[in-house]
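# A closer look at the structure
Letter by letter, the chains look like this.
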Amino acid sequence: NNQVRSRVWAHLLGVDPNGDLSATLKLANASFHRDERTVQADVERSLYGLAPEDANLQELQQSLKRLLTGVLATLPDVHYYQGLHDIAGVLLLVLGEEAAYVALHRLGQHHLRDF
């Protein structure tokens, strides 16, 4: 279940899901990324069938866009590619926006940067 996933993934990636990460996320989203239009197009098609029934899909998609553009803007060696929004979407749904930002940023630094 998502409670277990949240604790395990946060631990594996060194993320404190209870920490205040809002300043990090706001700073990241102050920048523009070269692939922002592509990100927007993919985000508009994202999270259908994954989001909980009671969730506001548009709000989740806005969070997903902030998450992706924030990470991409702060990691210039990471390029947007097809499927990155799916990874980010699962992290968002399991960890929440702020912890998902830190998790995706760490994945981008160590695991996803060569794609």
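Residues numbered from 1 in each chain as written. Predicted model: local features only at pLDDT ≥ 70, side-chain atom pairs only at ≥ 80, totals over all residues. Heavy atoms only, no water.

What follows covers the environment of Lys65. With respect to the secondary-structure elements, Lys65 resides in helix H4 (residues 57–74). Take Lys65: its relative accessible area is 24%, and that puts it in the partly exposed class. In this structure the C-alpha to C-alpha distance between Lys65 and Gly89, which are 24 residues apart in sequence, comes to 9.5 Å. With near-sequence residues (within four places) excluded, Lys65 lies in contact with Glu36, Val39, Gln40 and Val43. (Helix = DSSP H or I, 4+ residues; strand = E, 2+ residues; numbered from the N terminus. Buried < 20%, exposed > 50% of the residue type's maximum accessible area, 1.4 Å probe, protein only. Contact = heavy atoms within 4.5 Å.)

Leu64, Leu67, Leu68, Leu84, Leu95 and Leu104 are the most contacted members of the largest nonpolar core, which totals 31 residues. Of all the secondary-structure elements, those providing two or more residues to this core are helix H1 (2–13), helix H3 (36–43), H4, helix H5 (84–95) and helix H6 (97–110). Here the element with the most residues in this core is H6; it accounts for 7 residues. Setting aside its immediate chain neighbours within four residues, Leu95 contacts Ser6, Trp9, Ala10, Ala100 and Ala103. (Core = buried A, V, L, I, M, F, W, Y, C linked by side-chain atoms within 4.5 Å.)

Attention now moves to a nonpolar patch on the surface. On the surface, a nonpolar cluster with roughly 270 Å² of combined accessible area is contributed by Val4, Val8 and Leu12. Turning to its location among the elements, Val8 is positioned in helix H1. Exposure remark for Val8: the relative accessible area of 41% places this residue in the partly exposed category. (Patch = residues over 30% accessible without salt bridge, like charges linked within 9 Å, V, L, I, M, F, W, Y side chains within 5 Å. Areas by Shrake-Rupley, 256 points an atom, 1.4 Å probe, with all protein chains shown as cover. Salt bridge = Lys/Arg side-chain N within 4 Å of Asp/Glu carboxyl O.)

Residues of the protein chain with pLDDT of at least 70 account for 83%, and the chain-wide mean is 80. Taken element by element, the predicted model of the protein chain shows its lowest mean pLDDT in helix H2 (residues 22–28) (57) and its highest in H5 (91). (pLDDT = per-residue confidence, 0-100.)

This part takes up the environment of Gly83. With respect to the helices and strands, Gly83 occurs in the loop between H4 and H5. With relative accessibility at 18%, the residue Gly83 sits in the buried group. Taking C-alpha positions, Gly83 is 8.9 Å from Asp42, a pair spaced 41 residues apart along the chain.

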